[in-house]
Number of protein chains: 2
Amino acid sequence: SGGSGGTMASESEAQRALQYEQTLMYGRYTQDLGTFAKDEAARLRLQEGDTPRPRRPSELLEYSQGRCAPCRVCALQCQRFLISKVGEDWVFLILLGLVMALVSWAMDFAIATCLQAQKWMYGGLDTNVLLQYMAWVTYPTVLITFSAGFTQILAPQAVGSGIPEMKTILRGVVLKEYLTLKTFVAKVIGLTCALGSGMPLGKEGPFVHIASMCAALLSRFLSLFGGFYENEARNIEMLAAACAVGVGCCFAAPIGGVLFSIEVTSTFFAVRNYWRGFFAATFSAFIFRVLAVWNKDEETITALFKTRFRLDFPFDLQELPAFAVIGIASGFGGALFVFLNRKIVQFMRRQKTINRFLMKKRLLFPALVTLIISTLTFPPGFGQFMAGQLTQKDTLVTLFDNQTWAKQGINDEYEYLGILEAWRHPRSNVFVTLVVFIIMKFWMSALATTIPVPCGAFMPVFVIGAAFGRLVGESMAAWFPDGIHTDSNIYRIVPGGYAVVGAAALSGAVTHTVSTAVIVFELTGQISHILPVMIAVILANAVAQSLQPSLYDSIIRIKKLPYLPELGWGHHEKYNVRVEDIMVRDIRYVTLNCKYRDLQQVLHSTKMKNLPLVESAESMILLGSIERTQVGALLSSQLSPQRRLMTLRHKVLSEDGHRLSDSSIRFQISTETSSGTPARPALRKPLKPALKRVPSSPPDSPPAGSTDHTGIALKSLFCANAAAEPTEAQGTAYHKAKRVRISIVEEMILGDKMTPAEILEWEEQQLDQLVDFSSAKIDPAPFQLVEHTSLHKTHTIFSLLGLDHAFVTSIGRLVGMVSLKELRKAIEGSLTGKGVKVRPPLASFRDSTASTTEADTTALRQLWDRHQHHHMPREASPGGDDDDDTPK
Amino acid sequence: SGGSGGTMASESEAQRALQYEQTLMYGRYTQDLGTFAKDEAARLRLQEGDTPRPRRPSELLEYSQGRCAPCRVCALQCQRFLISKVGEDWVFLILLGLVMALVSWAMDFAIATCLQAQKWMYGGLDTNVLLQYMAWVTYPTVLITFSAGFTQILAPQAVGSGIPEMKTILRGVVLKEYLTLKTFVAKVIGLTCALGSGMPLGKEGPFVHIASMCAALLSRFLSLFGGFYENEARNIEMLAAACAVGVGCCFAAPIGGVLFSIEVTSTFFAVRNYWRGFFAATFSAFIFRVLAVWNKDEETITALFKTRFRLDFPFDLQELPAFAVIGIASGFGGALFVFLNRKIVQFMRRQKTINRFLMKKRLLFPALVTLIISTLTFPPGFGQFMAGQLTQKDTLVTLFDNQTWAKQGINDEYEYLGILEAWRHPRSNVFVTLVVFIIMKFWMSALATTIPVPCGAFMPVFVIGAAFGRLVGESMAAWFPDGIHTDSNIYRIVPGGYAVVGAAALSGAVTHTVSTAVIVFELTGQISHILPVMIAVILANAVAQSLQPSLYDSIIRIKKLPYLPELGWGHHEKYNVRVEDIMVRDIRYVTLNCKYRDLQQVLHSTKMKNLPLVESAESMILLGSIERTQVGALLSSQLSPQRRLMTLRHKVLSEDGHRLSDSSIRFQISTETSSGTPARPALRKPLKPALKRVPSSPPDSPPAGSTDHTGIALKSLFCANAAAEPTEAQGTAYHKAKRVRISIVEEMILGDKMTPAEILEWEEQQLDQLVDFSSAKIDPAPFQLVEHTSLHKTHTIFSLLGLDHAFVTSIGRLVGMVSLKELRKAIEGSLTGKGVKVRPPLASFRDSTASTTEADTTALRQLWDRHQHHHMPREASPGGDDDDDTPK
């Protein structure tokens with residue numbers, strides 16, 4: 001029965017897998033993630049839980065008598081002390097920060113070398129334009145193709161940003177293979193190659209992922225020393241800190257990193273995790289910058305993209321409308337970027353022919369995209385109109401530049417120094433260059449981020465935003481050559497400040513975060529533009545949030561990861577919708593005294609993954625919830641061929657059938673109770689399935705997640721149950737039971753001798769038996785809501801506790817169920833649109849957790865009445881005992 | 001019965017009130033806050049809920065026919081649109097920001113004027129030192145005394161910081177009178193006077209409170225227009241935003257404000273509230289600074305305490321140890337400050353004689369403290385050694401100064417300009433002045449913040465920290481005259497930077513926050529010292545958190561507000577403690593089929609405020625929870641004299657008793673069901689209590705919080721219950737019922753004719769009746785935990801949902817209870833110390849929500865068995881029907 005149950009379960013899993021489309025976003029999910037993840041987690045937990053903890057050497061040593069024993073004991077105590085310290089949070093956080101700083105610095109170094117190599121190659125071949133072009137185009141194509149191929153082979157999970165996945169993981173879902181060493185290696189190497197190619201890709205999202213993997217690996221490594229790293233809740237806290245470290249050491253922005261990681265990954269944030277994030281991110285950023293100082297790149301620790309705007313008069317009050325314009329335009333731009341990115345993915349996915357072709361030649365798409373982009377940026381070609389020769393870092397440095405490029409509208413008055421040269425074109429002016437740059441980079445970035453390599457979109461967007469800000473700033477400077485301020489002092493307009501504002505606004509709009517403001521302050525080392533930046537970022541967020549989901553949420557939807565949309569601002573109606581408005585009332589349930597036929601009906605009529613278990617259909621008191629797979633297992637074990645054969649055998653051996661049943665039960669009890677050691681897989685080998693199968697036995701493949709201890713309890717429970725009338729003497733001996741079992745095996749080998757009609761009849765009989773739940777895994781406390789719980793509170797509870805369903809009860813009675821799906825629909829308004837009545841605003845006044853409404857009272861009354869009138873023996877339905885034809 | 005129930009309730013409230021000590025912290029809590037607050041909230045909700053919503057004029061107008069009707073309809077539709085917009089979040093947040101900016105600016109202006117006046121008075125009297133002294137001392141004493149008296153009279157709730165109270169309120173507790181207009185006025189005026197006196201007090205904590213009151217008042221005001229402001233959850237979200245506004249407009253620090261308010265008020269933070277905070281705080285800070293520009297105080301928007309440190313080389317890597325020293329020392333200093341502050345309060349409270357004297361003369365203590373402090377700061381006196389003449393703001397400006405005061409150890413080489421003069425003393429050097437300043441200000445601030453005026457401790461601590469930082473910085477500058485950097489360029493040490501670091505570190509240590517780092521960046525307008533500041537703040541926090549609670553938590557404990565301690569970092573054992581280790585197993589419960597005698601016993605044997613209601617003692621299935629007061633009310637209504645008289649009357653009128661019961665029930669149904677309008681208090685006046693009292697009637701004072709609709713349901717329900725055999729014809733007329741009732745009233749007037757023995761007998765009889773729960777308020781879904789829930793998760797759930805107790809169930813069966821008290825004890829370690837077994841680290845592996853453990857299985861088995869054996873009629877206990885002697 002165990003085998004057939006397993007087959008059934010895997011079949012249903014395969015079915016469910018079909019619900020998830022194959023995605024072009026290259027994080028392929030071929031299984032129902034939620035279910036799979038839970039099973040996986042349970043499996044892992046069981047595995048690790050079963051391993052007995054090895055004794056520490058010191059514990060053993062204290063018993064040994066020797067001359068230098070005190071000495072050694074002392075040394076071991078020191079060692080033990082050190083090991084206990086290893087378990088402390090701060091040690092872990094420091095190690096994480098250190099490792100990530102080293103990784104970040106090494107990667108930056110490698111990327112810079114790659115870019116330097118391209119520049120050197122391009123520069124060396126300046127005699128022949130064709131050769132130059134070949135070099136310019138081939139180099140990134142090779143790198144990107146390598147990166148895509150490498151990741152594809154080693155760990156396809158390493159593809160993409162990683163922030164959407166981290167958001168899902170922090171919500172409590174376990175994504176398989178997402179935090180492994182293989183993925184770590186694939187991501188680090190893939191990212192280095194991808195960024196080294198000079199494509200418009202970012203490293204911020206992947207860094208969040210890398211840091212998380214680093215934390216997971218580190219905690220696994222440290223758990224070899226201490227025992228404190230196995231806790232799930234703690235690991236999630238550590239992952240949250242790791243996300244902060246990822247952003248922090250990527251930009252050397254500890255505060256912005258913490259805030260950004262909170263905004264993009266969390267719905268609810270525990271303030272106690274805040275410290276961890278700050279601590280680790282600060283340490284990481286510190287080490288990251290210290291490495292630069294030690295490497296003589298910098299004289300001391302300063303910002304990554306240091307600006308030198310004047311402090312005394314950063315901007316005039318009258319410039320604020322221009323900043324607001326940047327904010328609003330960035331909002332639209334950000335929404336457009338998200339939209340474009342999604343459309344590209346969807347277009348590629350829908351075009352069957354393209355899709356099939358690309359699926360076959362997985363590396364063609366990246367190569368093609370790289371080819372197009374690098375052709376367009378080729379400096380002697382079209383690249384000359386869009387500063388194509390500058391790397392991302394150089395672009396940002398020039399855009400944040402202190403001086404005005406277009407003085408008094410005549411752009412060649414200003415002396416362009418060094419890399420600024422790239423922005424000047426003899427036959428056009430700087431405005432044209434900026435506009436071309438913005439437009440070209442916009443679609444290039446949106447396209448490039450769909451390439452299946454490890455890459456983020458933050459930095460490209462940041463650069464585009466900076467360019468847009470610079471454009472507005474230069475326009476303002478051209479419009480007001482002597483500044484707006486009318487007083488005695490002349491304060492010229494600083495276009496670099498506009499670039500800073502634009503960068504923060506656009507990246508904020510794409511990611512739906514405000515903390516990009518803090519990131520720019522930390523990146524530039526100046527906070528003087530705080531108010532313009534904040535205003536622009538908030539406006540950009542307001543516009544973008546009302547138009548599109550954030551880039552990360554968009555990817556979550558594309559990848560079909562389990563998610564729960566946020567409650568936006570200004571949705572009053574959310575406070576007035578209650579659970580009773582959105583819940584599914586007509587749910588299937590399993591009663592404690594139901595028959596197998598009922599189970600079958602329930603399985604046929606619903607697709608719910610968790611079925612509520614109620615006391616009886618009349619009382620509806622919720623006792624727990626049972627997984628669908630468990631119900632399936634119960635059913636298939638009841639109808640298993642083995643069991644059928646048993647029955648057959650019984651009929652044949654009817655003369656001593658009674659003794660058989662008795663004795664085999666006796667035997668089972670004796671083996672099981674005498675086995676004190678955990679996990680005896682040898683006994684459960686499918687090689688001798690009949691050995692442990694007795695009539696009306698539960699499927700003895702133990703439910704995953706339940707420990708062996710429980711298994712014993714369950715079995716003894718069942719046995720007591722089956723041997724309902726143990727009045728006979730238990731004098732049957734071991735050898736007798738053995739002989740009987742051997743005869744059963746013989747019977748099985750002889751084969752199935754029942755006709756199909758007989759089988760059908762037998763199955764019908766079996767279905768009319770009462771279900772024995774003792775072998776099923778039951779969740780004793782499924783999450784419950786009341787009908788009056790507001791949508792707002794429900795959302796809060798779901799997102800905090802990472803639920804995917806909750807039962808609605810009223811004084812213990814099950815009245816409905818709410819799952820993530822209903823909640824999602826209610827929030828996205830599709831349910832409200834379909835005519836669910838939204839309560840009048842004042843209705844919420846009647847909301848009191850302790851109030852007794854009519855419905856509650858009625859329910860209470862029913863219970864009360866039941867007690868007053870002393871339970872009618874309603875359980876004595878004709879199906880109860882009459883059909884219970886188990887052999888006695 | 002309602003009256004006697006009320007008396008009983010108020011008595012028990014008074015009893016409970018004694019548990020709360022009278023506090024010296026001047027927020028006097030003479031009632032059990034939790035219970036009181038809930039009742040109050042329920043009362044308010046009921047009140048508002050009962051008021052019928054007035055019809056909009058436009059709704060009526062559409063029916064009226066006139067010539068310019070379309071015109072008016074259009075205008076009204078516009079108006080309606082505007083009104084609907086009023087309900088939107090952003091309008092509310094903008095208004096809040098605007099109002100708070102105006103308040104902040106006006107207060108700053110008033111405070112500056114006050115301080116100016118003192119300076120002017122002091123300056124004008126420079127001919128006579130005694131007169132000068134009198135003026136210097138009298139002015140602040142008068143102001144502080146006025147402030148203390150004014151707040152005491154108008155609203156004692158306005159006293160103190162307000163952050164502890166806001167933390168409590170945001171946790172879900174309703175504190176009475178904390179967010180009213182009276183408190184607002186008292187706080188604003190009291191704070192202005194207190195700060196105008198020049199005492200070392202801060203405005204930041206009170207501003208959080210002021211902003212919250214402002215938000216509460218504003219939402220009440222706006223609810224006159226729109227209907228969206230009544231929701232409790234929304235109000236809490238708005239309060240969270242208001243806290244951010246408070247800090248934001250106080251320091252013109254929007255980002256720091258949001259973060260600081262999150263850190264000090266929240267345990268869990270919803271990221272969706274984050275936007276609100278940022279939006280409102282930015283707007284507020286913007287307006288606050290724009291007002292300064294319009295007032296010609298500033299040329300443009302810049303930071304409040306702008307610094308001008310060099311950008312290219314803010315600090316050397318080798319200076320970092322000095323910054324770390326500042327951090328660690330600040331950590332100790334911060335802990336000492338909290339300790340000192342608490343000890344002063346406790347000392348004053350313990351000294352009975354002092355306490356009694358001060359209680360009588362409430363204004364003497366403030367006056368005395370002010371006198372001492374102002375005497376010591378008198379500039380020609382001791383004040384000359386501690387820069388006594390500088391206001392708080394001037395002190396901060398000078399401490400953040402760009403230049404080094406003590407060059408090469410010779411302090412008079414440097415030319416002190418303007419207000420810097422105050423730090424120089426001819427007979428001592430700047431180090432001595434700084435040390436004296438730090439020591440004196442330290443205890444002065446700790447003392448001054450215990451004065452019963454609206455005041456915070458943030459700014460004084462901030463100033464002390466800055467002075468300490470400056471001291472270290474000046475020492476470093478004296479030690480390394482040419483800087484530490486060994487390269488060609490000479491970069492001198494910037495002591496101002498040390499002052500910034502010190503300010504952030506000490507204020508962070510006292511408040512246990514990291515966001516003070518962000519606040520200093522925003523205050524100074526420079527972020528170049530980010531790494532030193534972060535390092536110092538984190539170290540300071542680490543030290544301070546391991547020694548003392550934060551200042552706000554300390555005040556919460558002193559004021560005995562309901563609180564839940566945080567889970568610190570590095571407490572691994574918290575992950576291994578489970579609910580079953582800390583829960584109370586031996587709890588009293590109420591069964592559905594219990595007698596009044598059982599209720600009495602339960603009330604006598606436990607002090608729990610919420611009693612679990614279970615199906616029966618055998619099944620222990622949890623159905624809901626019932627409040628202690630409700631149980632008391634049930635009991636007292638059963639034993640009420642009125643009911644006794646009824647019984648008596650019945651005996652007398654036994655010949656037509658049957659018809660009486662029937663008819664009066666009939667009457668009640670008719671009145672209640674015909675009354676469609678809500679709330680008819682006239683019917684319920686205690687003047688004619690007998691009018692609605694029928695035998696075995698429930699107490700008809702409606703339970704607070706249940707609406708009238710529910711009331712009807714309850715009553716009709718009861719009636720159906722009492723009229724269990726309505727077989728007779730219902731032909732009795734209204735006048736007959738009236739006559740009968742009149743006779744009952746007569747009987748009551750005639751007085752109690754039972755002897756004490758009879759009464760006792762009657763009461764015994766009554767106690768043996770089964771309890772009728774239909775009139776009691778029952779919480780249908782009390783929060784439930786499972787035995788395996790970890791302490792960590794329990795803490796999370798308690799702090800997120802603001803619970804104060806939760807029942808522990810196992811497959812529906814009640815097995816225990818956890819309240820805030822147990823949780824608090826478990827976290828603070830006192831329970832663990834007392835021998836609660838802490839699970840071995842690996843035990844957590846067996847933790848799976850879906851696992852079936854032995855205990856669960858047993859429980860399930862019991863239920864299963866019950867169903868198999870068809871309920872024994874155990875409810876047919878002798879007490880059931882025999883003692884049910886209600887007249888029929």
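Residues numbered from 1 in each chain as written. Chains lettered and ligands numbered in written order. Predicted model: local features only at pLDDT ≥ 70, side-chain atom pairs only at ≥ 80, totals over all residues. Heavy atoms only, no water.

So, the environment of A504 of chain A
Residues and elements named next belong to chain A. Definition in use: Note on conventions: DSSP H or I runs of at least 4 residues are helices, E runs of at least 2 residues are strands, and numbering of each starts at the N terminus. We call two residues in contact when some of their heavy atoms are within 4.5 Å.
With respect to the helices and strands, the residue A504 is situated in helix α19 (residues 495-511). A C-alpha to C-alpha distance of 22 Å links A504 and D312, two positions 192 residues apart in sequence. Among all residues touching A504, those that are not within four sequence positions of it are F462, T516, A517, V520, V533 and V537.

Things to note about unusual backbone geometry
Residue and element names in this part refer to chain A. Note the threshold: Only protein chains enter the accessibility calculation, which uses a 1.4 Å probe; a residue whose area is less than 20% of its type maximum is buried, one above 50% is exposed, and one in between is partly exposed.
We note that A387 has phi near 50°; this positive angle belongs to a residue other than glycine. If you trace the backbone, A387 turns up in the loop between α15 (364-377) and α16 (392-399). On the basis of relative accessible area, A387 is assigned to the buried category, the value being 4%. For H512, which is not glycine, the phi torsion reads 55° and is therefore positive. Checked against the element boundaries, H512 lands in the loop between α19 and α20 (516-524).

A word on the packing of aromatic side chains
Pairs of aromatic rings are described using the distance from one ring centre to the other and the angle between the two planes. Rules: Stacked, tilted and edge-to-face are the three classes assigned to paired rings of Phe, Tyr and Trp, where Trp is represented by its six-membered ring and a pair needs centres within 6.5 Å; plane angles under 30 degrees give stacked, over 60 edge-to-face, the rest tilted. In our convention, an over-ring charge means Lys NZ or Arg CZ found within 6 Å of a ring centre and within 35 degrees of that ring's normal.
In total, this model carries 36 aromatic pairs over all chains according to the counting rule given. With 4.5 Å between their ring centres and 25° between their planes, F323 of chain A and Y498 of chain A make a pair best called stacked. Of this pair, F323 of chain A sits in helix α13 (residues 320-350) while Y498 of chain A sits in helix α19, and the two are 175 residues apart along the sequence. Each of the two residues, F323 of chain A as well as Y498 of chain A, counts as buried. Summarising the aromatic geometry, the rings of Y133 of chain B and F378 of chain B are spaced 5.3 Å apart at their centres and angled 80° between planes, so their arrangement reads as edge-to-face. Residue Y133 of chain B is found in helix α6 (residues 129-154), and its partner F378 of chain B is found in the loop between α15 (364-377) and α16 (392-399); the two are separated by 245 residues along the sequence. Look at Y133 of chain B and you get partly exposed, because its relative accessible area is 23%. With a relative accessible area of 6%, F378 of chain B lands in the buried category. Among the aromatic side chains, those forming a connected cluster through ring pairs are F251, F260, F400, F458 and F462 of chain A. One cation-aromatic arrangement involves K203 of chain A over F207 of chain A; the distance from NZ or CZ to the ring centre is 4.7 Å.

Here we look at the pairing of strand β4 (residues 622-627) of chain A
Residues and elements named next belong to chain A. Keep this limit in mind: Two strands qualify as a pair provided that DSSP identifies no fewer than 2 bridges between them.
Most of β4 sits out of view: 5 of its 6 residues are buried. In terms of strand pairing, strand β3 (residues 610-614) meets β4 through 5 bridges, oriented antiparallel. Among the inter-strand pairings, P612 is bridged to a residue of β4, identified as S625. Relative to strand β5 (residues 778-779), β4 runs antiparallel, the two being bridged by 2 bridges.

A short note on the sheet that holds strand β3 (residues 610-614) of chain B
Residue and element names in this part refer to chain B. Stated formally: Helix axes are fitted only over the stretch in contact, all axes being lines through C-alpha atoms; the angle between N-to-C directions runs from 0 to 180 degrees.
Pairing within the open sheet is mixed, and its 4 strands lie in the order β2-β3-β4-β5. The outermost strands of the open sheet, each flanked by one partner alone, are β2 (590-591) and β5 (778-779). Running over the sheet, helix α26 (residues 628-638) touches β3 and β4 (622-627) and is turned about 80° from β4.

Overview of α16 of chain B
Within α16 of chain B, burial applies to D394, T395, L396, T398 and L399 of chain B. On its buried face, α16 of chain B sits against α5 (89-124), α17 (430-448), α18 (458-479) and α19 (495-511) of chain B.

Structural notes on the nonpolar core
Put simply, the rule is: Working definition of a nonpolar core: buried Ala, Val, Leu, Ile, Met, Phe, Trp, Tyr and Cys residues. They are joined through side-chain atoms within 4.5 Å.
Within the largest apolar cluster, 324 residues are counted, with the highest numbers of intra-cluster contacts made by I210, Y274 and W423 of chain A together with I210, Y274 and W423 of chain B. Once residues lying within four places of it in the same chain are set aside, the contact partners of I210 of chain B are M100, V103, M107, F184, K187, V188 and L191 of chain B. In terms of nonpolar packing, the next biggest core, distinct from the first, is built from 58 residues, V602 and L611 of chain A together with C594 and L767 of chain B among them.

Quick look at the pattern of salt bridges
All names here are of chain A. For clarity, the threshold we go by: Within this document, salt bridges are pairs made up of a side-chain nitrogen of Lys or Arg and a carboxyl oxygen of Asp or Glu, the two lying within 4 Å of each other.
Going through the model one piece at a time under the given rule, you end up with 16 salt bridges over all chains. With a shortest N-O distance of 2.5 Å, E165 and K559 are connected by a salt bridge. Of this pair, E165 sits in helix α7 (residues 163-170) while K559 sits in the loop between α22 (551-558) and α23 (573-576); the two residues are 394 residues apart in sequence, bridging distant segments of the chain. According to the relative accessible area criterion, K559 is buried, its value standing at 3%. D768 is the salt-bridge partner of R597, the closest N and O atoms lying 3.0 Å from each other. With R597 in helix α25 (residues 596-605) and D768 in the loop between α31 (756-767) and β5, this residue pair connects regions lying 171 residues apart in the sequence. Look at R597 and you get partly exposed, because its relative accessible area is 23%. Three or more residues joined by partner-sharing salt bridges are found here, namely R597, E764 and D768.

Considerations on α31 of chain A
All names here are of chain A. Under the convention used in this document: Multiplying 1.5 Å by the helix residue count minus one yields the expected span of that helix. Arc, as used here, means the arc of the directions from the helix axis to the C-beta atoms.
Its 12 residues place the ends of α31 16 Å apart at the C-alpha level, agreeing with the 16 Å of an ideal helix rising 1.5 Å per residue. Within α31 the residues assigned to the buried category are I759, W762, Q766 and L767. Looking down the long axis of α31, one finds its buried residues gathered within 135° of arc, a one-sided arrangement. In α31, the exposed positions angled more than 90 degrees off the buried face are occupied by A757, L760 and E761.

A word on the packing of α25 of chain A against α31 of chain A
Residue and element names in this part refer to chain A. To be explicit about the condition: Here roughly perpendicular refers to angles of 65 to 115 degrees, roughly parallel to angles under 35, roughly antiparallel to angles over 145, and oblique to all remaining angles. The classification used treats Ala, Val, Leu, Ile, Met, Phe, Trp, Tyr, Cys and Pro as nonpolar, Asp, Glu, Lys and Arg as charged, and all other residues, Gly among them, as polar.
Relative orientation of the contacting elements α25 and α31 amounts to 95°, with a least axis distance of 6 Å. In terms of orientation, α25 lies roughly perpendicular with respect to α31. The residues of α31 that touch α25, namely those facing Y596, R597 and Q600, are E764, Q766 and L767. Its residues placed into classes, the contact of α25 with α31 shows 2 nonpolar, 2 polar and 2 charged.

Considering the UniProt feature "transmembrane region" (unreviewed entry) in chain A
Residues and elements named next belong to chain A. As a reminder, the rule being used: UniProt positions are given in the numbering used here, feature names are shortened, and annotations may be inferred rather than shown by experiment.
Mapped onto the present numbering, the UniProt feature "transmembrane region" (unreviewed entry) falls on residues 90-113, 133-155, 238-262, 274-294, 320-342, 363-382, 430-451 and 458-480. Taken end to end, residues 320-342 is 100% helix and 0% strand, and its first and last C-alpha atoms sit 33 Å apart. Helix makes up 96% of residues 458-480 and strand 0%. Its end C-alpha atoms lie 32 Å apart.

What to know about the sheet that holds strand β7 (residues 805-810) of chain A
Residue and element names in this part refer to chain A. A sheet is described by the order of its strands in space; here 3 strands give the open sequence β6-β7-β8, paired in mixed fashion. Strands with a single pairing partner mark the edges of an open sheet, and in this sheet they are β6 (784-785) and β8 (813-819). By the bridge criterion, 6 bridges tie β7 to β8 in an arrangement that is antiparallel. Within the sheet, the bridge partner assigned to H805 lies in β8 and is S819.

Quick notes on the side chain of S212 of chain A
Residue and element names in this part refer to chain A. Along the chain, the position of S212 falls in helix α9 (residues 204-222). According to the relative accessible area criterion, S212 is buried, its value standing at 0%. What S212 contacts, discounting residues up to four positions off in sequence, is M166, L179, L239, A242 and C243.

Quick word on a positive patch on the surface
All names here are of chain A. For clarity, the threshold we go by: Here the term patch refers to residues with relative accessible area over 30% and no salt bridge, with like charges joined within 9 Å and nonpolar side chains (Val, Leu, Ile, Met, Phe, Trp, Tyr) within 5 Å. Here the open area of atoms and residues is found with the Shrake-Rupley method and a 1.4 Å probe, where only the protein chains shown may cover a residue. Note on charges: Lys and Arg go in the positive column, Asp and Glu in the negative column, and His and the chain ends are not counted at all. The atoms used to mark charge sites are NZ of Lys, CZ of Arg, CG of Asp and CD of Glu.
Taken together, the side chains of K352, R356, K360 and K361 present a region of like positive charge at the surface. You can see K361 is positioned in the loop between α14 (352-360) and α15. Take K361: its relative accessible area is 47%, and that puts it in the partly exposed class.

A few points about the confidence of the model for chain A
Low pLDDT means the predicted atomic positions in that stretch should not be read closely. Residues and elements named next belong to chain A. Stated precisely, the cut-off is as follows: Confidence of the predictor at the level of single residues is given by pLDDT, which spans 0 to 100.
Averaged over all residues, the pLDDT of chain A is 72; the fraction at 70 or higher stands at 68%. When mean pLDDT is taken per element in chain A, α19 scores highest with 94 and helix α29 (residues 708-722) scores lowest with 36. When the criterion is pLDDT under 50, residues 48-63 qualifies, and its contacts beyond four places in sequence or with other chains add up to 14 contacts. The low-confidence segment residues 830-861 (pLDDT under 50) makes 69 contacts with residues lying over four places distant or belonging to another chain. Listed scores for the predicted complex are pTM 0.72 and ipTM 0.71.

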